[in-house]
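Chain residues, written in single-letter form:
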Amino acid sequence: MDAGTCLRAATPRAGAGHRTPQGFPPARVPAARLAAAQRPLALGLDSRRSTGPIRGAGGLKGLRCRKSSGTEKVHYSADEALILKQKAEDVLPYLNDRCVYLVGMMGSGKTTVGKIIAEVLGYSFFDSDKLVEHTVGIPSVAEIFQVHSEAFFRDNESEVLRDLSSMHRLIVATGGGAVIRPINWNYMKKGLTIWLDVPLDALARRIAAVGTASRPLLHQESGDPYTKAYAKLTALMEKRMDSYANADARVSLEGTFSTEFKTPLYIILVFIWMLYTTAKA
Ligand SMILES: Nc1ncnc2c1ncn2[C@@H]1O[C@H](COP(=O)(O)OP(=O)(O)OP(=O)(O)O)[C@@H](O)[C@H]1O
Ligand SMILES: O=C(O)C1=C[C@@H](O)[C@@H](O)[C@H](O)C1
């Protein structure tokens, strides 16, 4: 499948009119380049390297990024890394130390993409689900839902977002449902918000592949995981579509099951481009 037809960057509202900034690649990277990850390069996603003290930590003071269970390396060729570095340098002055919040449905890649973006920009990465687990003292969102309730989880999620909103230079992967509470938008709008919009079909496949146990809103005891996840995601998306559309920008992924998308370079480039246009606006 042609990458250029599968992935496009778009603004959530029609007519916002983002222009391609000078020097940025068109929203298309040759497949050959994507496949050319020959020389592994120092763009590792090591969560332990993104853990420096953060400014204005408020209620989350002293907390460090704990999302990853280990070191995940994403290998780029030297050419690709250079492109990313240059694009990051273009974006940073416009970000002006603001936080970037990634919003989107469960499985849309907020964590995967967020860690890479943080690495590229030299920002710290946080996952709001993990922060809720940390503050509540229960190791999984599923257990928080079980022991307490969804409402309890949402209250804590709002508190986490409030605390994060006083900080700087963070990439935050938000929980899939963080968008449903208007107060959370008050917090997130202190930074930039990007909606990672992935077709439900791709989401259901990804989620079915890893199981639904960690995602309480999708969990079911029996039945085909893909079919059930797809049905539940569809219902959730119907309720949330307008909320996601509050984001400052939308990155839309179509036909994501092409193997090309296992290499996130293209997505990252589009993200950086969206950040550039949004931050500059
Ligand atoms: N572009 C992609 N192509 C294929 N698989 C992907 C892509 N991005 C992420 N994935 C896979 O999809 C799954 C979900 O990704 P990830 O955890 O980053 O999503 P998320 O939005 O943070 O989810 P949640 O909100 O449920 O925590 C993971 O197994 C990840 O490897
Ligand atoms: O979409 C949702 O409502 C959720 C997504 C996850 O990230 C968790 O925040 C939780 O499982 C709820």
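No experiment lies behind these values; they were computed from the predicted model shown.

K.L.:
Explain the overall build of the chain here, please?
P.N.:
Scanning the chain from terminus to terminus reveals eleven helices and eight strands. In the chain, which comprises 281 residues, the proportion classed as buried is 51%. Contacts in the chain between residues at least 24 apart in sequence constitute 82% of all its contacts with a sequence separation of at least 6. For the chain, the accessible surface area stands at approximately 12,800 Å², while carbon and sulfur atoms represent 51% of it.

K.L.:
Hey, could you run me through the confidence of the model for the chain in this one?
P.N.:
Do not read the predicted coordinates in detail wherever pLDDT is low. Considering every residue of the chain, the mean pLDDT works out to 75; 68% of them sit at 70 or more. Across residues 1-59, confidence stays below pLDDT 50; counting only partners more than four residues off in sequence or on other chains, it has 152 contacts. Note that pLDDT drops below 50 for residues 61-71; the model gives that stretch 26 contacts with residues more than four away or on any other chain. For this predicted complex, the interface confidence reaches an ipTM of 0.96, while the overall pTM sits at 0.78.

K.L.:
Would you mind showing me how to read the site of ligand 1 here?
P.N.:
The environment of ligand 1 is formed by twelve residues, the closest being G107, K110, T111, T112 and R215. Here an oxygen atom of ligand 1 sits 2.5 Å away from a polar atom, N or O, in the side chain of T111. Contacts to ligand 1 include T112, whose side-chain N or O atom sits 2.5 Å from an oxygen atom. Starting from 630 Å² of accessible surface for ligand 1 in isolation, the protein chains cover 77%. No other element matches helix α4 (residues 110-121), which puts three residues into the shell around ligand 1. Grouping the amino acids of the shell around ligand 1 by side-chain chemistry returns four nonpolar, five polar and three charged.

What counts, and at which threshold
Residues numbered from 1 in each chain as written. Chains lettered and ligands numbered in written order. Predicted model: local features only at pLDDT ≥ 70, side-chain atom pairs only at ≥ 80, totals over all residues. Heavy atoms only, no water. Helix = DSSP H or I, 4+ residues; strand = E, 2+ residues; numbered from the N terminus. Buried < 20%, exposed > 50% of the residue type's maximum accessible area, 1.4 Å probe, protein only. Contact = heavy atoms within 4.5 Å. Areas by Shrake-Rupley, 256 points an atom, 1.4 Å probe, with all protein chains shown as cover. pLDDT = per-residue confidence, 0-100. Near = heavy atom within 4 Å. Polar contact = N/O pair within 3.5 Å; in protein donor to acceptor, adjacent residues only side chain to side chain. Nonpolar A, V, L, I, M, F, W, Y, C, P; charged D, E, K, R; others polar.

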